[in-house]
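This is what each chain is made of:
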Amino acid sequence: MGKEAKIIDGKKISKKIKEEIRKEISKIIDREEKAPHLAAIIVGEDPASQTYVASKEKAARLVGMTSSTYKFKEDIEEDELLATIDFLNNDDDVDGFIVQLPLPKHIDVDKVISRIDPSKDVDGFHPMNVGRMAIGQQAYLSATPAGIMELLSRYKIDTEGKHCVVLGRSNIVGSPMSILMSKKTKPGNATVTICHSKTQNMEEIMKTADILICAIGQPQFVKADMVKEGAVVIDVGIHRIPENNEKGYKIVGDVDYEEVKKKSSFITPVPGGVGPMTIAMLLRNTFEASKHEIYPRV
Ligand code: GUN
């Protein structure tokens, strides 16, 4: 085994990005112009979603944005939710908004996401933004893939011609990540393989990865013997596992960090790697939305 991996410090980079945004917004406020406004819709009482939305609100305020949250009970009718989206689409004060997922089962999530005005879809989930991203046009990128691309870029990790293996094919991480890494961009220009639940010889494929992006949703699934010496390992997972400490749990990723860091060249820790980048990317999208450059106003 070689020397230990360099740690990709998402916490530090996200702070820098938030500071960059804060400075830009303070200039806007100094000119007595309107601060960017991020709104969030949340349905139900899911504790993880409540925490995420509260963190997004707090982060938005800390960089000087206006933040508003629309909370609904679990049994809200789909029509009422769609009417709220229409209201936010038409509210000129709101630059961007998100609908926190997951939604209750009786609500058609595709219908809800498609109702968001693409120019305000700062989560980058609308088919218009996904489609534009896929054909290399300017678009709002969803937060996790955007955060990973930003980390690769800021750590100057060479991706051109490399074999990038993405574990997982979800709409919000695996699938957009695989598209972005295959594009003629920097970072990008990689040869990409996606592994999923029906992939055969997954470990064999993983061992050939120069860059391994792990979004498989299983705690500490990726072990050192599945990773090539010197690989770049990006861990998207966030899981609570029981631990004999004060809290009774600890947070781990999809990667067995202690093992894999001894074999990789770069690695993202959990917590403190990809996670903190997602809010920074949401704020950046909201700031971009407030400038109306990606979707110019007609
Ligand atoms: N649920 C988990 N991640 C996300 C996210 O990035 N955006 C929204 N809206 N919901 C989520």
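Since the model is a prediction, treat every value here as computed from it, not as a measurement.

A. Examining the packing of helix H1 (residues 10-30) against helix H10 (residues 274-291) more closely. Where H1 contacts H10, the axes come no closer than 8 Å and their chain directions differ by 20°. Looking at the two axes, H1 sits roughly parallel to H10. Judged by the sense of rotation from one axis to the other, the crossing of H1 with H10 is left-handed. Between H1, through Gly-10, Lys-11, Ile-13, Ser-14, Ile-17, Lys-18, Ile-21, Glu-24, Ile-25 and Ile-28, and H10, the contact on the second element is made entirely by Pro-276, Met-277, Ala-280, Met-281, Leu-283, Arg-284 and Phe-287. A breakdown of the residues in the contact of H1 with H10 according to their chemical character gives 11 nonpolar, two polar and four charged.

B. Region of interest: the site of the ligand. Around the ligand, the surrounding shell consists of Lys-56, Val-99, Gln-100, Leu-101, Asp-123 and Phe-125. The contact in question runs from a nitrogen atom of the ligand to an N or O atom on the backbone of Val-99, over 2.8 Å. Take Leu-101: an N or O atom from its main chain is 3.0 Å from a nitrogen atom of the ligand. In isolation the ligand exposes 280 Å². Once the protein is present, 77% of that is buried. For the shell around the ligand, the class distribution of residues is three nonpolar, one polar and two charged.

C. How the structure looks around the packing of aromatic side chains. Tallying each qualifying case throughout the model produces three aromatic pairs. Summarising the aromatic geometry, the rings of Tyr-70 and Phe-87 are spaced 6.5 Å apart at their centres and angled 65° between planes, so their arrangement reads as edge-to-face. Linking Tyr-70 in strand E3 (residues 66-72) with Phe-87 in helix H3 (residues 78-90), this pair joins segments that are 17 residues apart in sequence. Under the relative-accessibility criterion, Tyr-70 is labelled partly exposed at 24%. Ring centres 6.0 Å apart and planes at 40° place the aromatic pair Tyr-140 and Tyr-295 in the tilted group. Of this pair, Tyr-140 sits in the loop between helix H5 (127-134) and helix H6 (143-154) while Tyr-295 sits in the segment after H10, and the two are 155 residues apart along the sequence. With respect to burial, Tyr-140 and Tyr-295 carry one shared label: buried. Stacked on the ring of Tyr-295, the Lys or Arg Arg-132 has its end atom at 4.5 Å from the ring centre. Of note, Arg-240 hangs over the ring of Tyr-249, and the distance from its end group to the ring centre comes to 4.0 Å.

Reading the values: rules and limits
- Residues numbered from 1 in each chain as written.
- Predicted model: local features only at pLDDT ≥ 70, side-chain atom pairs only at ≥ 80, totals over all residues.
- Heavy atoms only, no water.
- Axes fitted to C-alpha atoms, helices over the stretch in contact; angles between N-to-C directions.
- Helix = DSSP H or I, 4+ residues; strand = E, 2+ residues; numbered from the N terminus.
- Parallel < 35°, antiparallel > 145°, perpendicular 65-115°, else oblique.
- Left-handed = near helix turned anticlockwise from the far one by under 90°.
- Contact = heavy atoms within 4.5 Å.
- Nonpolar A, V, L, I, M, F, W, Y, C, P; charged D, E, K, R; others polar.
- Near = heavy atom within 4 Å.
- Polar contact = N/O pair within 3.5 Å; in protein donor to acceptor, adjacent residues only side chain to side chain.
- Areas by Shrake-Rupley, 256 points an atom, 1.4 Å probe, with all protein chains shown as cover.
- Phe/Tyr/Trp six-rings, centres within 6.5 Å; stacked < 30°, edge-to-face > 60°.
- Buried < 20%, exposed > 50% of the residue type's maximum accessible area, 1.4 Å probe, protein only.
- Lys NZ or Arg CZ within 6 Å of the ring centre and 35° of its normal.

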